[in-house]
Every structure is written in structure tokens, then in C-alpha cells.
Amino acid sequence: MAHGFTNNVTKPYVARVLARFARHGGVVAFDFRGHGKSGGRCTVGADEVHDVEAAVRTARELGYTRVATVGFSMGASIVVRHAALGEAKPDAVVAVSGPARWWSRETAPMRRVHWLLEQPHGKLAARAMGVRLGDPWVQVPESPLEVVSRIAPTPLLLVHGELDHYFGPEHAESLHRASSGHARLWLEPGMRHAESATTPDLVDRMAAWTAGNVEDEG
């Protein structure tokens, strides 16, 4: 499982989601570069595809023959990009509460995120939140919207809250359209953003979808 901009695996609501997924199978969880106890600096989605690549390879080395990647928020954008661009392909992908495009400023929380990324004192403020930011992008990476069509035939599930206060549901809808119908889209009534809004029932349903699609693939 991959975690987004300020989350880490020690946060209680993240740990609860991990524990629920573990009822259904093995879980390899990690913090992206620049988050928590991981080294390096956060590139906000550009280089983190290599972190997912390493996690998938690690899962294979541990003996898991079928591997699904699950990402939340920024992590959702990264598992989508990894499934399209990476070498160690997963067998299924679940992207929860993810953005379709970069520089989304439609909501107050995302305007705060961009303040951290763009203002002179943003790196210091982010460090206080447990995130070590790297330098700004020299070359803009392809957005999830630009690469989602390359994921097929790998099964892709897009999960998004109808009340998401970071990225509105139109992000998931645009990804679904760009996948030409390949992706499965779940718009969850009453749900807000990412792990803190993910209920045990939703985890169970995502795990069941993943298991069914992984089995169908082989």
C-alpha cells in the first residue's frame, strides 16, 4: 500500500486500514521517499513510481505470486502512473481518492498543499508535518490522466468519495473516461478523502474486488 502527501504508516487511521487489508492477504506497506522514516526527499509524484516498483519487486521476492498495488491520495496517482510506466507490473491496481491532473487548486486543502510546495517557507512547514520536500520539477511528469489508458489489460479500480474535500469526484470520472471504460469506478456516497474516510466495509469490498480480478487473471 502506498501513502500520500503527509500520511505515514504509523498514523492510527492508516494502521487501521492496513490491519483490515491484512485480514484478506499479505500486506507490504511503505512510506514514500521523504515521508516518515523513509530516506530521500518527496518529489510529489514524479520519482515515487520507483518506490512502488521497489515494493512490487520486494513482494515478489517474499514469495507473493499475485500482487495488487493500492494507493491513497498522492499514492493513488503514483500507483496509476506505475502501472502504466513501471517494469514490475502489478496484477491489479486500486487508486483511492486520487487526482487526475497536476496543480489542482479547486479546494481549500489543495491550495494549502500548493502553498507548501511553492512558498519560500513551505519546505520548513512541510518538514514540521513529517515531509521532506525536494526541489521543484525540472520536467513535468505525465499526469495520471495522460497515462491511465496504458494500464490495460491490468485491472484498475478507481474509488472516490462523492464528498472528497481535496479532489472532487470529477477527477475519478475523468480518469474513468480516459481509460475508455477499462477501469471500474466506484463513487462512494458520503465519503470524504483517503484513508481517514475509508471504512472497514469499503476495505473489504476493495479486497474482494482485487482477489476476484487477480484470480480471473490467472
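Thresholds, definitions, all that
- Residues numbered from 1 in each chain as written.
- Predicted model: local features only at pLDDT ≥ 70, side-chain atom pairs only at ≥ 80, totals over all residues.
- Heavy atoms only, no water.
- Helix = DSSP H or I, 4+ residues; strand = E, 2+ residues; numbered from the N terminus.
- Expected span 1.5 Å × (residues − 1).
- Buried < 20%, exposed > 50% of the residue type's maximum accessible area, 1.4 Å probe, protein only.
- Contact = heavy atoms within 4.5 Å.
- Axes fitted to C-alpha atoms, helices over the stretch in contact; angles between N-to-C directions.
- Parallel < 35°, antiparallel > 145°, perpendicular 65-115°, else oblique.
- Nonpolar A, V, L, I, M, F, W, Y, C, P; charged D, E, K, R; others polar.
- Pairing = 2+ DSSP bridges.
- Salt bridge = Lys/Arg side-chain N within 4 Å of Asp/Glu carboxyl O.

Engineer: I tried to follow helix H2 (residues 49-61) on my own but got confused; where do I start?
Structural biologist: Because each turn of an α-helix spans 3.6 residues, side chains separated by three or four positions in sequence point in the same direction. With 13 residues, H2 extends 18 Å from end C-alpha to end C-alpha; this agrees with the ideal 18 Å at 1.5 Å per step. Three or more residues of H2 are buried, namely Val49, Asp51, Val52, Glu53, Ala55, Val56 and Ala59. Those residues of H2 that are buried are in contact with strand E1 (68-72) and helix H3 (74-85).

Engineer: Even after reading the chapter, I still don't get the packing of H2 against H3, so can you show me in this structure?
Structural biologist: Two packed helices can be described by the angle between their axes and the distance between those axes. Where H2 meets H3, the axes come as close as 9 Å, and the angle between the chain directions of the two elements is 70°. Judged by the inter-axis angle, H2 sits roughly perpendicular to H3. Where H2 approaches H3, its residues Val49, Val52, Glu53 and Val56 are matched on the opposing element by Ile78, Val79, Arg81 and His82. Split into classes, the residues belonging to the contact of H2 with H3 amount to 5 nonpolar, 1 polar and 2 charged.

Engineer: Any chance you could explain the sheet that holds E1 here in plain terms?
Structural biologist: Hydrogen bonds between backbone atoms are what pair the strands of a sheet, whose relative direction is either parallel or antiparallel. Taken in spatial order, the 4 strands line up as E1-E2-E3-E4 in an open sheet, and their pairing is parallel. Of all the strands in the sheet, just E1 and strand E4 (184-188) have a single pairing partner and so form its edges. Each adjacent strand pair in this sheet contributes to an overall mean axis angle of 10°, direction not counted. Of the pairings in the sheet, the one linking strand E3 (residues 156-161) to E4 comprises 5 bridges and is parallel in character.

Engineer: Help me understand the pattern of salt bridges, please; the structure alone is not making it clear to me.
Structural biologist: Two side chains bearing opposite charge may form a pair once their charged atoms approach each other closely. Applying the stated rule across the entire model yields 11 salt bridges. Residue Glu53 pairs with Arg57 through a salt bridge whose shortest N-O separation is 2.8 Å. One end of the pair is Glu53 and the other is Arg57, both in helix H2 and 4 residues apart, which spans about a single turn. We classify Glu53 as buried; its relative accessible area is 11%. Residue Glu142 is joined to Arg150 by a salt bridge in which the shortest nitrogen-to-oxygen separation is 2.5 Å.

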